[in-house]
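# Tertiary structure, described
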Amino acid sequence: MTNQVIEAICSRRSIRKYSDRSVETDKLVTVLEAGTYAPTGHNRQDPIIVAVRNSGIIKTLSRLNAGIMGTDSDPYYGAKVIILVFVPKVEDNPNAVQDGSLVLGNMMLAAHSLGLASCWINREKQMFSTPEGKLLQERLGVDPAYEGLGALSLGYPLKPNPKPLERKKDYYRIID
Ligand SMILES: Cc1cc2nc3c(=O)[nH]c(=O)nc-3n(C[C@H](O)[C@H](O)[C@H](O)COP(=O)(O)O)c2cc1C
């Protein structure tokens, strides 16, 4: 069986090369809204989503992330939009990671359905634990009790999506 949602789920890929085309604000807002419709444990809606288009802040994010990664390359692949997701510490909300991950997943699918491309980028927890990262978190208006969960690089893809990767054979089972 298939439909548009299933097709979008099965054709999404992590994209690491973006064109120079800017992401229109209405599309960005649609992606962010889709993130807010992710379910959260006890409907706490704790995750905080911050979309960054400011080139200076993007440079700082890239430098901080590359510093953790130990490279000189841009971990966000030159994307013009970086969407950060922050969550409370697990001690404050045991569902924090699950909630934030669903937000990121919703946004990746929404982006793909609109012809945009994205890639989950890691290391935000470590980045926002550094002194410079803590200051940046404050500048972004995010409660210091929160920590970075993950990010998306977002943009228009340079090329059509490659085919989906093969799934392992025993990924699921049905027990009757
Ligand atoms: C939790 C998580 C962390 C990831 N971190 C990165 C990352 O830091 N950099 C990156 O290029 N891709 C990252 N990815 C993307 C994965 O490499 C990608 O999803 C995987 O290779 C499968 O490819 P696909 O998304 O195209 O199916 C991450 C994905 C997840 C779910």
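Residues numbered from 1 in each chain as written. Predicted model: local features only at pLDDT ≥ 70, side-chain atom pairs only at ≥ 80, totals over all residues. Heavy atoms only, no water.

## Things to note about the overall build of the protein
Of regular secondary structure, the protein possesses six helices and four strands. When the helices and strands of the protein are listed from N to C terminus, the series reads α-α-β-α-β-α-β-α-α-β. Against the compact-globule benchmark of 16 Å for 176 residues, the protein has a radius of gyration of 17 Å, which places it among compact chains. Over its C-alpha atoms, taken along the principal directions, the protein stretches across nearly 50 × 40 × 35 Å. Sorting the 176 residues of the protein into buried and exposed places 39% on the buried side. At a minimum sequence separation of 6, the contacts of the protein that also span at least 24 residues come to 83%. On the protein, roughly 10700 Å² of surface is accessible, and the fraction owed to carbon and sulfur atoms is 55%. Within the protein, the 19 negative side-chain charges are centred at a point lying 7 Å from the centre of the 22 positive side-chain charges. (Helix = DSSP H or I, 4+ residues; strand = E, 2+ residues; numbered from the N terminus. Rg over C-alpha atoms; globule rule 2.2 N^0.38 Å. Buried < 20%, exposed > 50% of the residue type's maximum accessible area, 1.4 Å probe, protein only. Contact = heavy atoms within 4.5 Å. Areas by Shrake-Rupley, 256 points an atom, 1.4 Å probe, with all protein chains shown as cover. Lys, Arg positive; Asp, Glu negative; His and termini not counted. Charge placed at Lys NZ, Arg CZ, Asp CG, Glu CD.)

## Let's talk about the layout of surface pockets
Taken as a whole, the largest pocket holds about 340 Å³ of empty space. Forming the walls of the largest pocket are Ile9, Cys10, Arg12, Arg13, Ser14, Arg16, Gly105, Met108, Leu109, Pro164, Leu165 and Arg167. Ranked by residues supplied to the lining of the largest pocket, first place goes to helix 4 (residues 96-113) with three residues. Of the voids in this model, the second largest pocket is the one considered here, and its volume is about 210 Å³. Considering the residues around the second largest pocket, the lining is formed by Lys89, Lys125, Phe128, Ser129, Lys134, Gln137, Glu138, Val142, Pro144, Tyr146, Glu147 and Gly148. Residues belonging to the lining of the second largest pocket are distributed by class as follows: four nonpolar, three polar and five charged. (1 Å grid on protein atoms, 1.4 Å probe; cavity = no way out; pocket = protein on both sides within 12 Å on 5 of 7 lines; lining within 4 Å. Points joined across faces, edges and corners; volume = space filled by probe spheres on them. Nonpolar A, V, L, I, M, F, W, Y, C, P; charged D, E, K, R; others polar.)

## Focus: a nonpolar patch on the surface
On the surface, Val5, Ile6 and Ile9 cluster together into a nonpolar patch covering about 250 Å² of accessible area. Counting through the fold element by element, isoleucine 9 comes out in helix 1 (residues 4-11). (Patch = residues over 30% accessible without salt bridge, like charges linked within 9 Å, V, L, I, M, F, W, Y side chains within 5 Å. Salt bridge = Lys/Arg side-chain N within 4 Å of Asp/Glu carboxyl O.)

## A look at the nonpolar core
Side chains of a nonpolar character, in soluble globular proteins, are inclined to be buried together. Formed by 23 residues in total, the largest nonpolar core has its most connected members in Leu61, Leu84, Phe86, Phe128 and Leu140. Mapped onto this core, the elements with two or more residues apiece are strand 1 (48-52), helix 3 (55-69), strand 2 (81-88), strand 3 (117-121) and strand 4 (146-155). The element that contributes the greatest number of residues to this core is helix 3, accounting for four residues. Sequence-distant contacts of leucine 84, that is, excluding residues within four places in its chain, are made with Ile48, Ile49, Val50, Val52, Leu61, Glu124, Phe128, Leu140, Gly150 and Ala151. In this structure, Ala38, Val81, Ala96 and Tyr156 belong to the second largest nonpolar core, which totals 19 residues. (Core = buried A, V, L, I, M, F, W, Y, C linked by side-chain atoms within 4.5 Å.)

## Observations regarding the packing of helix 2 (residues 25-36) against helix 4
The contact between helix 2 and helix 4 brings their axes to 7 Å, and the two run at 145 degrees. In the packing of helix 2 onto helix 4, the handedness of the crossing is right-handed. Touching Val31, Leu32, Ala34 and Gly35 of helix 2 are Val103, Asn106, Met107, Ala110 and Ala111, all from helix 4. Here the contact of helix 2 with helix 4 is composed, by residue class, of seven nonpolar, two polar and no charged. (Axes fitted to C-alpha atoms, helices over the stretch in contact; angles between N-to-C directions. Left-handed = near helix turned anticlockwise from the far one by under 90°.)

Taken by themselves, the reported measurements are silent on function.
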